[in-house]
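Close look at the chain arrangement
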Amino acid sequence: MRLSVLTVLIACFLVCSAGVGAAEIYEKEFFHQLKVGEPSQSWEHRIDLTDEMMYKDQSFIARELDLREGKLVIEHEELTQLYYYVKVRLAKPHPSVPMAGKIKIKLTVADNPVCPFPPAAPVELKLSPVGAALKPIFTWKTDSRYAAITLYDVTAQKTVWERISTTQGYKGFDEGFLSKGHHYRWAVKVSGKHAAYSKEAQAAFRIDEVDGVVVTIPE
């Protein structure tokens with residue numbers, strides 16, 4: 001059994017190494033805007049291998065994401081050898097506020113697929129003391145740039161927020177407000193450029209009023 005596992009790992013390493021020398025960069029941009037009176041909205045995009053790439057027997061092996069222009073956020077992503085999928089959102093604080101944003105995506109294309117090893121799960125999940133109780137800032141420690149965060153409202157029994165963070169180690173709640181008196185559980189998993197995600201790490205908190213002040217309390 002140990003020998004077969006070792007064989008798979010060696011084979012995976014050889015495949016990963018083989019595609020590095022023939023890598024190319026394929027870039028795409030998506031721009032979205034919402035006018036005054038329009039509510040928050042999400043959009044889905046899928047980037048497929050071109051016919052030329054498929055003819056060359058190439059694969060997508062990595063991605064880089066840039067959200068610095070505007071207010072777009074990412075709700076979900078998926079990278080496979082054949083396509084990259086991303087769901088983006090403009091989360092408006094109020095319908096009267098116009099918003100716009102752009103996402104720039106760089107996909108690495110290579111002659112051979114890779115078998116990326118996921119990074120270690122993040123540690124030290126905490127709420128930042130500078131964040132407001134009803135709009136918390138989630139923080140964690142990791143060496144990886146990207147993270148997928150999910151916030152579950154235990155009291156309401158539903159997922160209320162999902163984001164892909166491109167800022168290493170933190171992400172602020174960016175749409176609406178959480179509810180006083182509710183219990184929440186949040187999970188975060190991290191990835192590097194190959195979009196292979198780690199195992200989830202989880203933490204919990206509740207929002208209460210103490211001496212007239214609304215605060216978050218770890219559970």
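Values in this document were obtained by computation on a predicted structure and should not be read as measured data.

The next point concerns the layout of surface pockets. One number sums up the size of the largest pocket: a volume of about 300 Å³. Considering the residues around the largest pocket, the lining is formed by 19 residues, among which Lys-71, Leu-72, Val-73, Lys-171 and Asp-174 are closest to the centre. For the lining of the largest pocket, the elements supplying multiple residues, two or more each, are strand E10 (158-165) and strand E11 (170-172). The residue makeup of the lining of the largest pocket, split by class, is 9 nonpolar, 4 polar and 6 charged. In this structure, the second largest pocket occupies an estimated 210 Å³ of space. If you go around the second largest pocket, you meet 16 residues; those closest to its centre are His-76, Glu-77, Ala-148, Ile-164 and Lys-189.

Another point: the confidence of the model for the protein. For the protein, per-residue confidence averages 91 on the pLDDT scale, and 90% of positions sit at 70 or higher. Counted against residues more than four places away or in other chains, residues 1-20, with its pLDDT under 50, gives 13 contacts.

For the rest of this paragraph, the subject is the sheet that holds strand E6 (residues 99-110). Taking strand neighbours across the sheet as the criterion, the 3 strands line up as E1-E6-E3 in an open arrangement whose pairing is antiparallel. Pairing within the sheet leaves two strands with one partner each, and these edge strands are strand E1 (24-34) and strand E3 (59-66). Within the sheet, the average angular offset between the axes of one strand and its neighbour, ignoring direction, is 20 degrees. Here 11 bridges tie E1 to E6, and the two strands are oriented antiparallel to one another. Paired with Phe-31 across the strands is Lys-102, a residue of E6.

Here we take up unusual backbone geometry. The phi dihedral of Glu-124 is positive, around 55 degrees, even though this residue is not glycine. Mapping Glu-124 onto the fold places it in strand E7 (residues 123-127). For Glu-124, a relative accessible area of 42% translates into the label partly exposed. A positive phi angle, close to 60 degrees, is found at Gln-157, a residue other than glycine. Mapped onto the fold, Gln-157 is located in the loop between strand E9 (146-153) and E10. Look at Gln-157 and you get exposed, because its relative accessible area is 63%.

Moving on: the packing of aromatic side chains. Under the counting rule described, the total for this entry stands at 5 aromatic pairs. An angle of 55 degrees between the planes, with centres 6.4 Å apart, marks the rings of Phe-138 and Phe-205 as tilted. Here Phe-138 is found in strand E8 (residues 137-141), whereas its partner Phe-205 is found in strand E13 (residues 201-210), with 67 residues between them in sequence. We classify Phe-138 as buried; its relative accessible area is 0%. Taking 5.2 Å as the distance between ring centres and 50 degrees as the angle between the ring planes, the aromatic pair formed by Trp-161 and Phe-173 counts as tilted. Within this pair, whereas Trp-161 is found in strand E10, its partner Phe-173 is found in the loop between E11 and strand E12 (183-191), the two being separated by 12 residues in sequence. In terms of burial, Trp-161 and Phe-173 fall into one category: buried. These aromatic residues form a ring-pair network of at least three members: Phe-138, Trp-161, Phe-173, Tyr-184, Trp-186 and Phe-205. Over the ring of Tyr-83 we find Arg-46, and its NZ or CZ is 3.9 Å from the ring centre.

All told, the structure shown has 14 salt bridges when counted by the stated rule. The salt bridge partner of Arg-46 is Asp-48, with a shortest N-O separation of 2.8 Å. Between Lys-56 and Glu-52 there is a salt bridge; the shortest N-O distance is 3.3 Å.

Turning next to the pairing of E9. Among the 8 residues of E9, 6 are classified as buried, and the element is accordingly described as predominantly covered. Inspection of the sheet shows E9 paired to E12 by 8 bridges, in the antiparallel sense. Within the sheet, the bridge partner assigned to Asp-153 lies in E12 and is Tyr-184. Inspection of the sheet shows E9 paired to E10 by 7 bridges, in the antiparallel sense. Pairing of Asp-153 across the sheet is with Lys-158, part of E10.

Definitions and limits used
Each residue is numbered by its place in its chain's sequence as written, counting from 1. pLDDT decides what is reported in this predicted model: residues at 70 or higher carry local features, side-chain atom pairs at 80 or more are listed and counted, and totals for whole chains, interfaces and linings draw on all residues regardless. The basis for the side-chain values is all heavy atoms of the structure; hydrogens and waters are excluded. Lining residues are defined by having an atom within 4 Å of a point belonging to a cavity or pocket. Those points lie on a 1 Å grid over the protein atoms alone, cavities being sets where a 1.4 Å probe fits but cannot get out and pockets being open sets with protein on both sides within 12 Å along at least five of seven lines. Grid points are joined across faces, edges and corners, and a volume is the space filled by probe spheres set on the points. Counting from the N terminus, the helices are DSSP H or I runs at least four residues long and the strands are E runs at least two residues long. All amino acids are sorted into three groups, where Ala, Val, Leu, Ile, Met, Phe, Trp, Tyr, Cys and Pro are nonpolar, Asp, Glu, Lys and Arg are charged, and the leftover types, Gly among them, are polar. In predicted models, pLDDT denotes the confidence assigned by the predictor to each residue on a 0 to 100 scale. The contact criterion used is simple: two residues touch if any of their non-hydrogen atoms lie within 4.5 Å. DSSP calls a pair of strands paired once it identifies at least 2 bridges connecting them. To get an axis, a line is fitted to the C-alpha atoms, and for a helix only the part in contact is used. The angle between two axes follows their N-to-C directions and goes from 0 to 180 degrees. Only protein chains enter the accessibility calculation, which uses a 1.4 Å probe. A residue is then buried if its area is under 20% of the maximum for its type, exposed if over 50%, and partly exposed in between. For this analysis, a ring pair means two rings from Phe, Tyr or Trp (six-membered ring only for Trp) whose centres lie within 6.5 Å, classed as stacked if their planes differ by under 30 degrees, edge-to-face if by over 60, and tilted for the remaining angles. By the criterion adopted, a ring carries a charge over it if an Arg CZ or a Lys NZ lies within 6 Å of its centre and within 35 degrees of its normal. Salt bridges are counted wherever a side-chain nitrogen of Lys or Arg sits within 4 Å of a carboxyl oxygen of Asp or Glu.

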